[in-house]
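# Summary of structural features
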Amino acid sequence: MTAWSRAAPGLVLVAVVVLGCAEVSGRRGPPPSPPAGGAVIIASGIAFDRPTLEVPAGRAFPLLFENRDFASHDVAIYPENGNDALFVGEVFSGPDSRIYQVGALPAGTYRFECQVHPQMDGKLIAKPG
Ligand SMILES: [Cu+2]
């Protein structure tokens, strides 16, 4: 048995560990395309990637939420000046993503927020058309 063949299993293990860590260190790159008729939002670094999220008014729509953090996040939707949630998305840790099915919102301005991190918030605008 050569020194190489004795070392190889160890090297393979190191490679698997290194690649595994790289994979769970969070996704990068451009945002995914929004689902047809819907919207997309990303959480990264305990922050949403945009201060304002536009969605269609008057009909249910899909909201693709990509969590690029290890931390758990979700997206919940509230009236602009109220705390009774109109929609609450599943909380999950990343990197992972979900497509939330959000019920119809009348045209107007709302607030979106992560339930785990209330400092993660923004303005949601439901636009007709
Ligand atoms: Cu969060």
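In case you missed it, the structure is sitting above this.
Positions within a chain are numbered from 1, following the residues in the order the chain's sequence is written. For a predicted model such as this one, the threshold for reporting local features is a pLDDT of at least 70, and the threshold for listing and counting side-chain atom pairs is 80 or more; totals across whole chains, interfaces and linings nevertheless cover every residue. Water and hydrogen atoms were dropped before computing side-chain values, which therefore reflect all heavy atoms in the structure.

## Quick word on the overall build of the protein chain
Basically, it comes down to this: By definition, any uninterrupted DSSP run of H or I lasting at least four residues is a helix, any uninterrupted run of E lasting at least two residues is a strand, and each is numbered from the N terminus. Burial here depends on accessible area, computed with a 1.4 Å probe over protein chains only, as a share of the maximum for the residue type. Under 20% is buried, over 50% is exposed, and the range in between is partly exposed. Contact criterion: two residues are considered in contact whenever any of their non-hydrogen atoms come within 4.5 Å of each other. Each accessible area is a Shrake-Rupley result for a 1.4 Å probe, and residues are judged covered by the shown protein chains and nothing else.
Within the protein chain, the regular secondary structure consists of 1 helix and 10 strands. Counted from the first residue to the last, the protein chain has its helices and strands arranged as α-β-β-β-β-β-β-β-β-β-β. Looking at the 129 residues of the protein chain, the share that counts as buried comes to 35%. The contacts of the protein chain with a sequence gap of at least 6 include a subset with a gap of at least 24, amounting to 63%. When the accessible surface of the protein chain is split by element, carbon and sulfur atoms take 60% of a total near 7,200 Å².

## A word on the sheet that holds strand S8 (residues 96-102)
Note the threshold: Two strands are said to pair when DSSP picks up at least two bridges between them. Fitted lines through C-alpha atoms serve as axes, helices being fitted only where they are in contact, and the angles separating the N-to-C directions of these axes extend from 0 to 180 degrees.
Here 3 strands make up an open sheet; going across it, the order is S1-S3-S8 and the pairing mixed. Of all strands in the sheet, those bounded by a partner on one side alone are strand S1 (39-43) and S8. Direction aside, the axes of adjacent strands within the sheet are offset by 20° on average. For S1 and strand S3 (residues 61-67), the ladder comprises 5 bridges, and the chain directions are parallel. Bridge assignment links Ile41 to a residue of S3, and that residue is Phe65.

## Topic: the pattern of salt bridges
Using the following cut-off: Salt bridge, as used here, is a side-chain nitrogen of Lys or Arg placed within 4 Å of a carboxyl oxygen of Asp or Glu.
The full count for this structure, using the stated rule, is 6 salt bridges. One salt bridge in this structure joins Lys127 and Glu54, with 3.4 Å as the shortest N-O distance. You can see Lys127 sitting in strand S10 (residues 121-127) and its partner Glu54 sitting in strand S2 (residues 52-56), a full 73 residues away along the chain. Relative accessible area serves as the criterion here: at 45%, Glu54 is assigned to the partly exposed category. One salt bridge in this structure joins Arg68 and Glu66, with 2.6 Å as the shortest N-O distance. For Arg68, a relative accessible area of 9% gives the class buried. Each member of the salt-bridge network shares a partner with another, and the members are Glu90, Asp96 and Arg98.

## Some details on the sheet that holds strand S5 (residues 76-79)
Two strands in a sheet stick together by hydrogen bonds in their backbones, pointing the same way (parallel) or opposite ways (antiparallel). A sheet is described by the order of its strands in space; here 5 strands give the open sequence S2-S10-S9-S5-S6, paired in mixed fashion. Each of the sheet's edge strands pairs with one partner strand only, and the pair in question is S2 and strand S6 (87-88). Summarising the sheet, S2 and S10 pair through 5 bridges and their orientation is parallel. What sits directly across from Thr52, in S10, is Lys123.

## Observations regarding the coordination of the copper ion
Quick reminder of the rule: Coordinating N, O and S atoms are those within 2.8 Å of the metal (3.2 Å for Na, K and Ca), and as water is not part of the atoms, a site may appear to have fewer donors than expected.
Every protein donor of the copper ion is accounted for by His73 (ND1), Cys114 (SG) and His117 (ND1), and the metal-donor separations fall at 2.0 to 2.2 Å. For the copper ion, all donor residues lie on one chain, and their spacing in sequence is H-x40-C-x2-H. Pair noted here: His73 is in strand S4 (residues 72-73) and His117 is in the loop between strand S9 (108-113) and S10, with a separation of 44 residues, a long-range link. Accessibility expressed as a relative area gives 0% for His73, which makes it buried. Residue His117 is classed as buried on the basis of its relative accessible area of 14%.

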